[in-house]
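Given next are the chains, with one letter for each unit.
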Amino acid sequence: MRVGIGYDSHRFAEGEGRKLILGGVEIPSPRGLVGHSDADAVAHALTDAVLGAAGLGDIGQMFPPTDPRWRDADSLDLLKRAYLRVVEAGLTFVSADITVILEQPRLARYLDDMRENLAGALVSGYSTVSVKAKTNEGMGWIGRGEGVAVLAVALLEQVRA
């Protein structure tokens, strides 16, 4: 068994024009997140956790923000591409636990869809992915509503050497 930890954070964009996408779900919000891709911090943190467990670096190494191919990329697609590398390395996904830290908007009604999307990207079942939403109780940059942070842990199993 191999464990990886992922973290990502993005600040909210000033003004309108960016969609808020978390876990592959478009969430109604007046502001989206700043990023080279679609800025899906949930998918990014999980991608880092999966890559870390496999010893394959991180999302920025695999999909550099300096590469125009990844401009406005769908982060669920990036997760799928990263997972293909994991499978090629002889590992398979077992489970993940994700915590999204965000003041607004509230995410409770979107968590099941996020779980479905993330599990699907990892060719796994709904029950293998947990997504929880927490606030920062008004403290710090997250508490002031400046952005979002996400923590993810992934468990992989070696299927071949």
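Since the model is a prediction, treat every value here as computed from it, not as a measurement.

In terms of helices and strands, the protein chain carries five helices and six strands. Ordered by position from the N terminus, the helices and strands of the protein chain form the series β-β-β-α-α-α-β-α-β-α-β. Here the C-alpha atoms of the protein chain give a radius of gyration of 15 Å, agreeing with the 15 Å that 2.2 N^0.38 yields for 161 residues. Dimensions of the protein chain, computed from the C-alpha atoms along their principal axes, are close to 50 × 35 × 25 Å. Across the 161 residues that make up the protein chain, the buried fraction comes to 48%. Partitioning the intrachain contacts of the protein chain with sequence separation of at least 6 by distance along the chain shows that 71% fall at a separation of at least 24. When the accessible area of the protein chain is evaluated, it comes to approximately 8,000 Å², of which 51% is carbon and sulfur surface. In the protein chain, the 17 positive side-chain charges and the 21 negative ones have mean positions that sit 1 Å from each other.

Next up on the list: the packing of helix H1 (residues 41–54) against helix H3 (residues 75–88). Two elements in contact, H1 and H3, have axes separated by 9 Å at closest approach and are oriented at 5 degrees. The orientation of H1 with respect to H3, classified from their angle, is roughly parallel. Along its contact with H1, which presents Ala43, His44, Leu46, Thr47, Val50, Leu51 and Ala54, the element H3 presents Ser75, Leu76, Leu79, Ala82, Tyr83 and Val86. Of the residues contributing to the contact of H1 with H3, the split by class is 10 nonpolar, three polar and no charged.

Right, let's get into the packing of aromatic side chains. Inspection of every chain in the model, using the stated rule, returns one aromatic pair. The ring of Phe12 has Arg31 lying over it, and the distance from NZ or CZ to the ring centre is 4.1 Å.

It is worth spelling out the pattern of salt bridges at this point. Per the counting criterion, the structure on display carries six salt bridges. Residue Asp72 pairs with Arg18 through a salt bridge whose shortest N-O separation is 3.6 Å. With Asp72 in the loop between helix H2 (59–62) and H3 and Arg18 in the loop between strand E1 (2–11) and strand E2 (20–22), this pair connects stretches of sequence that are 54 residues apart. On the basis of relative accessibility, which here comes to 49%, the residue Asp72 falls in the partly exposed class. Note that Arg81 is salt-bridged to Asp77, the shortest N-O span being 2.9 Å. On the criterion of helical spacing, the pair formed by Arg81 and Asp77 is a turn pair, its members being four residues apart in helix H3. We classify Arg81 as partly exposed; its relative accessible area is 41%. Residue classification places Asp77 among the partly exposed positions, given a relative accessible area of 31%.

Okay, a nonpolar patch on the surface next. Residues Val3, Ile5 and Val153 make up a contiguous nonpolar surface patch of roughly 300 Å² in combined accessible area. You can see Val153 is positioned in strand E6 (residues 147–158).

Considering only enclosed or pocket space, the largest pocket measures out at about 260 Å³ in volume. Lining the largest pocket are 15 residues; nearest its centre among them are Ser37, His44, Ile59, Phe63 and Pro65. Of all elements in the fold, only E1, H1 and H2 reach the threshold of two or more residues within the lining of the largest pocket. Residue composition of the lining of the largest pocket, grouped by class: seven nonpolar, six polar and two charged.

Cut-offs and rules
Residues numbered from 1 in each chain as written. Predicted model: local features only at pLDDT ≥ 70, side-chain atom pairs only at ≥ 80, totals over all residues. Heavy atoms only, no water. Helix = DSSP H or I, 4+ residues; strand = E, 2+ residues; numbered from the N terminus. Rg over C-alpha atoms; globule rule 2.2 N^0.38 Å. Buried < 20%, exposed > 50% of the residue type's maximum accessible area, 1.4 Å probe, protein only. Contact = heavy atoms within 4.5 Å. Areas by Shrake-Rupley, 256 points an atom, 1.4 Å probe, with all protein chains shown as cover. Lys, Arg positive; Asp, Glu negative; His and termini not counted. Charge placed at Lys NZ, Arg CZ, Asp CG, Glu CD. Axes fitted to C-alpha atoms, helices over the stretch in contact; angles between N-to-C directions. Parallel < 35°, antiparallel > 145°, perpendicular 65-115°, else oblique. Nonpolar A, V, L, I, M, F, W, Y, C, P; charged D, E, K, R; others polar. Phe/Tyr/Trp six-rings, centres within 6.5 Å; stacked < 30°, edge-to-face > 60°. Lys NZ or Arg CZ within 6 Å of the ring centre and 35° of its normal. Salt bridge = Lys/Arg side-chain N within 4 Å of Asp/Glu carboxyl O. Patch = residues over 30% accessible without salt bridge, like charges linked within 9 Å, V, L, I, M, F, W, Y side chains within 5 Å. 1 Å grid on protein atoms, 1.4 Å probe; cavity = no way out; pocket = protein on both sides within 12 Å on 5 of 7 lines; lining within 4 Å. Points joined across faces, edges and corners; volume = space filled by probe spheres on them.

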